[in-house]
Amino acid sequence: MYKRQTFFGPRQSTLERWHKEGLPEDDSYVRIHGLEHIEGLPIDFGPLPPFKEEVLEVRGNHKIIRDRMGAIVEYELEPATPGFVTRKWHRFPVQNREDFEQMLWRYNPESPARYPDFWEDKVKCYRRRDYPVSLTIPSMFWRVRDWTGLRNLCIMFYRDPDLVHDMIDFWVEFVIRATRRVLSDVDVDLIVLNEDMAYKGRSMISPEMMREFMLPGYKRWVRHFKRHGIPVIMLDSDGYVHDIAPVWVEAGINATTPIQVNAGNDILRLRDELGHDMAFMGGIDKTRIARGGEALRKEFESKVPQLISDGGYIPCCDHGIPPDVSYQNYC
């Protein structure tokens, strides 16, 4: 029997449903289902000090805030589906080079505050562990988009490519310097690079632009992580990844998740296209889990046995589990 692990679990509203359908409220679905525990290392890659968080305006069920990243964002006060966040972005902290340079003082990679209190004691516990630990890092496209916003970043690629290169180069060096301590203190099993760089059916950035702006940085990170003996470097991107995953393979990234079915991904075709240079986690259509019965059986049997036999695959839902999935179907 192979070890089972979960990565994209139930949302808050999903858990509320499951508690009504038989999941004990004082227990964990991870323990009940024999899923393997994995722990994320608590390193802070954000601005330190963070921007002052404040509510700027309230409009009915919506509030407009400045968040810790410096963005002005609109949220629902009471989300219709707890655990799923819908946002409207009003403004981002970096509009030009001057904004970027004025923000850099908040990103000191050697700041002691990036590590939690009693870090040395935590390291002793990690060294005695019998479970894997992961380190999740905001990747290049993700972090620069946090600073500029997607629309502005897409324009900058053409109108101010030097600024984009400088922001990406800064972030690559920042991550290397900020992670030296944790990688020296702890044997890390898994790096997760958060990127989210694709829509349904298309990527947000072309493979050609990735090779120009990001591939050198990916390669530096991969060398850095592999020098510390980390076996799995996983790229997390929602959306359609067939066009851009080959660039990750070129960089030495060797796993990806969540392989969203309704974005157009075909996990079996990805295996044919990428071979065993890329492992996968996810790929089980959440809408088929919700339907259950024959639809779920076909979804599972069309993918999981073949991929498990082939190796390099952990089956799970193709993102967070929504509340239309019953506990019975999840079981």
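What you see is a predicted model; the values in this text were computed from it and never measured.

1. Considerations on the overall build of the chain
Scanning the chain for helices and strands turns up 15 helices and 13 strands. For 331 residues, the compact-globule estimate of 2.2 N^0.38 gives 20 Å, and the C-alpha radius of gyration of the chain, at 21 Å, lies within 12% of that figure. In terms of its C-alpha atoms, the chain occupies a principal-axis envelope of roughly 55 × 50 × 45 Å. By the burial criterion, 47% of the 331 residues in the chain qualify as buried. Residue pairs in contact within the chain that sit at least 24 positions apart in sequence constitute 70% of those at least 6 positions apart. Total accessible area computed for the chain in this model is approximately 16400 Å², and 49% of it derives from carbon and sulfur atoms. Charge separation in the chain, taken as the distance between the mean sites of 45 positive and 51 negative side-chain charges, equals 0 Å.

2. Let's talk about the pairing of strand 10 (residues 232–236)
Burial analysis of strand 10 places 4 of its 5 residues in the buried class, the great majority of the element. For strand 9 (residues 190–194) and strand 10, the ladder comprises 5 bridges, and the chain directions are parallel. In the sheet register, Asn194 faces strand 10, and the bridge partner there is Asp236. Pairing of strand 10 with strand 11 (residues 255–257) involves 3 bridges; the strand directions are parallel.

3. Topic: the nonpolar core
It is characteristic of soluble globular proteins that their nonpolar side chains tend to be buried jointly. If you look at the biggest cluster of nonpolar residues, it comprises 82 residues, and the most contacted ones within it are Leu41, Leu135, Trp147, Met214, Tyr218 and Trp248. Broken down by element, this core gets its largest block of residues, 12 residues, from helix 7 (residues 161–185). Aside from chain neighbours lying at most four places away, what touches Trp147 is Met69, Phe92, Pro93, Val94, Phe100, Met103, Tyr107, Met167, Phe170 and Trp171. Residues Val192, Met234, Ala255 and Cys316 belong to the second largest nonpolar core, which totals 6 residues.

4. As for the state of the cysteines
Counted under the stated rule, the structure contains 0 disulfides. In this model Cys316 remains outside any disulfide bridge; the closest cysteine sulfur is found in Cys317, 7.1 Å from its own.

5. Details of the layout of surface pockets
Of the volumes computed, that of the largest pocket is approximately 1200 Å³. Around the largest pocket, the lining is made up of 38 residues, and of these Arg87, Trp89, Trp142, Arg145 and Asp196 lie nearest the centre. Secondary structure elements with two or more residues in the lining of the largest pocket: strand 7 (87–91), strand 8 (133–138), helix 5 (140–148) and strand 9. The element best represented in the lining of the largest pocket is helix 5, accounting for 4 residues. Of the residues assigned to the lining of the largest pocket, the class counts are 16 nonpolar, 10 polar and 12 charged.

6. Remarks on the confidence of the model for the chain
The predicted model of the chain averages 94 in pLDDT, with 98% of residues at 70 or higher. Low pLDDT (under 50) marks residues 1–5, which in the prediction has 14 contacts with non-local residues, meaning those over four places away or in another chain.

7. Considering the packing of helix 4 (residues 119–127) against helix 7
Packed helix pairs are characterised by how far apart their axes lie and by the angle those axes make with each other. Interaxial distance between helix 4 and helix 7 falls to 10 Å at its minimum, and their mutual angle equals 45°. In this view, helix 4 runs oblique relative to helix 7, as classed from their interaxial angle. Here helix 4 contributes Trp119, Glu120, Val123 and Arg127 to the contact with helix 7, which in turn contributes Arg181, Val182, Ser184 and Asp185. Broken down by class, the residue content of the contact of helix 4 with helix 7 amounts to 3 nonpolar, 1 polar and 4 charged.

Thresholds applied
- Residues numbered from 1 in each chain as written.
- Predicted model: local features only at pLDDT ≥ 70, side-chain atom pairs only at ≥ 80, totals over all residues.
- Heavy atoms only, no water.
- Helix = DSSP H or I, 4+ residues; strand = E, 2+ residues; numbered from the N terminus.
- Rg over C-alpha atoms; globule rule 2.2 N^0.38 Å.
- Buried < 20%, exposed > 50% of the residue type's maximum accessible area, 1.4 Å probe, protein only.
- Contact = heavy atoms within 4.5 Å.
- Areas by Shrake-Rupley, 256 points an atom, 1.4 Å probe, with all protein chains shown as cover.
- Lys, Arg positive; Asp, Glu negative; His and termini not counted.
- Charge placed at Lys NZ, Arg CZ, Asp CG, Glu CD.
- Pairing = 2+ DSSP bridges.
- Core = buried A, V, L, I, M, F, W, Y, C linked by side-chain atoms within 4.5 Å.
- Disulfide = S-S within 2.5 Å.
- 1 Å grid on protein atoms, 1.4 Å probe; cavity = no way out; pocket = protein on both sides within 12 Å on 5 of 7 lines; lining within 4 Å.
- Points joined across faces, edges and corners; volume = space filled by probe spheres on them.
- Nonpolar A, V, L, I, M, F, W, Y, C, P; charged D, E, K, R; others polar.
- pLDDT = per-residue confidence, 0-100.
- Axes fitted to C-alpha atoms, helices over the stretch in contact; angles between N-to-C directions.
- Parallel < 35°, antiparallel > 145°, perpendicular 65-115°, else oblique.

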